[in-house]
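Spelled out from the first residue to the last, the chains are:
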Amino acid sequence: MYQADFPKRLVVVALAFMAAIAAPALALDATAGAGASIAVLDLEGRSVRPLEGLAEGARVFVFVRTECPIANRYAPELRRLADRFAPRGVSFYVVYVDPSESEAKIRRHLQDYGHPGTPLRDPEHALVRQAHARVTPEAAVFVPGRDGARLVYHGRIDDRTLDFGRERRAATTHDLEQALVAVLDGKPVPRETAPAVGCSIADTR
C-alpha cells in the first residue's frame, strides 16, 4: 500500500512546494489594479484618482502631517530625490493624512518646508490603506501593472531616523532611492518594504 501511494505523495509534496514559491509573487500582484478607483482630494477640494492611468514610469506618494517633525526634516531629501527622478518619468505626490488640517494650513506648510510634488489630502485614508502606510513620513512606490498601478515598495525613505530624538548623522541605506533606481532599470526592488519611524497615522482618525 505504501509503495502504491508513493507517486501520489510525491505529487502532493511537489504541488505544495510550488505553491510556497508562488505565494510571494501572488501577494505582490494582489495590489495590481485594486486602487484605480481610489479617490482623494486636491487642495481645491476636488476628487482625484491618483492611481488611475499609470502607464509608464512610477508614482511616489509620501505621507505627511504638518506638525510631524520627522516628516518636516525629510523635505530637503525629498527635493533631492524629486530633482533626480522627475526628469526620468517619476511623479511625486505629498499626501496629507490628517483630516483636521485645512487647505490653508497645508498651503502654509508647503511654503514653509517645500515638500516636492503634487499635494493631496487623504482624510478617509483610502490611499493610506492601499499603500500600507502606518506613520509619517512614509513612502510608497507604484508602477504600471498588468491590471493597473502596482505597489512595489512601501516604507521608510532611508535609515537616518532611528527613533524619536535619535538620528544618524547621515543615512547609510537609501531605501526609496534604491527602489526607484531598480524600477527605472527594469529590475526588482531590493526590498519591498522597510519599517519607518515617525508620527502615527492612526492617531489622526
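Here the structure is a predicted model, which is why all the values come from computation and not from measurement. (Residues numbered from 1 in each chain as written. Predicted model: local features only at pLDDT ≥ 70, side-chain atom pairs only at ≥ 80, totals over all residues. Heavy atoms only, no water.)

**Focus: the nonpolar core**
For the record, the criterion: For this analysis, a nonpolar core means a set of buried residues of the types Ala, Val, Leu, Ile, Met, Phe, Trp, Tyr and Cys, connected via side-chain atoms within 4.5 Å. In this scheme, a residue with accessible area under 20% of its type's maximum is buried, one over 50% is exposed, and one in between is partly exposed, where area comes from a 1.4 Å probe on protein chains only. Strands are runs of DSSP state E lasting at least 2 residues, helices are runs of H or I lasting at least 4, and numbering of each runs from the N terminus. The contact definition used throughout considers only heavy atoms, calling two residues in contact when any of these lie within 4.5 Å.
If you look at the biggest cluster of nonpolar residues, it comprises 33 residues, and the most contacted ones within it are V60, F92, V141, I157, L176 and L180. Of all the secondary structure elements, the ones that give two or more residues to this core are β3 (58-64), α2 (69-73), α3 (75-85), β4 (90-96), α4 (103-113), β7 (138-145), β8 (148-155) and α6 (175-184). No other element matches α6, which puts 5 residues into this core. In contact with F92, other than residues within four places in its own chain, are V60, L81, A82, F85, A86, P116, G117, T118 and L180.

**So, the state of the cysteines**
Each disulfide consists of a covalent bond between the sulfur atoms of two cysteine residues. For the record, the criterion: By convention in this document, the label disulfide applies to cysteine sulfur atom pairs within 2.5 Å.
Scanning the model with the defined rule gives 1 disulfide in all. The disulfide partner of C68 is C199, and the gap between their sulfur atoms is 2.2 Å. Of note, the bridge from C68 to C199 carries an S-S torsion of about 90° and is right-handed in sense. In this pair, C68 is assigned in the loop between β3 and α2 and C199 in strand β12 (residues 199-200), connecting sequence segments 131 residues apart. With respect to burial, C68 and C199 carry one shared label: buried.

**Some remarks on the environment of H174**
Looking at the secondary structure, you find H174 in the loop between β10 (166-167) and α6. Put simply, H174 and R160 are 14 residues apart on the chain and 8.7 Å apart in space, counted from C-alpha to C-alpha. When residues no more than four places from it in sequence are discounted, the contact partners of H174 are E77, R80, I157 and D158.

**Re the pairing of β4**
Our working definition: Following DSSP output, two strands are said to pair if at least two bridges run between them.
For β4, the tally of buried residues reaches 6 of 7 residues, placing the bulk of the element in the interior. Both β3 and β4 contribute to a ladder of 7 bridges, which runs parallel. Residue V64 lies in a different strand from β4, and its bridge partner there is Y96. Pairing of β4 with strand β5 (residues 118-121), which is carried by 4 bridges, proceeds in the parallel orientation. Residue pairing for β5: V94 is matched across the bridge by P119.

**Points about α6**
Burial within α6 is extensive, with 7 of its 10 residues counted as buried. Structurally, α6 contributes buried residues whose contacts are with β3, α3, β4, β7, β8 and β11 (193-194). The positive-phi residue at the C-terminal boundary of α6 is G186, with phi of around 75°.

**Overview of the pattern of salt bridges**
Cut-off, in case you're wondering: Here a salt bridge means any side-chain nitrogen of Lys or Arg lying within 4 Å of a carboxyl oxygen belonging to Asp or Glu.
Taken as a whole and assessed by the stated rule, the structure comprises 13 salt bridges. Put simply, R46 and D42 hold a salt bridge, and the shortest N to O gap is 2.8 Å. Among the residues examined, D42 registers a relative accessible area of 12% and is labelled buried. Two residues, R168 and D159, come together in a salt bridge whose shortest N-O distance is 3.4 Å.

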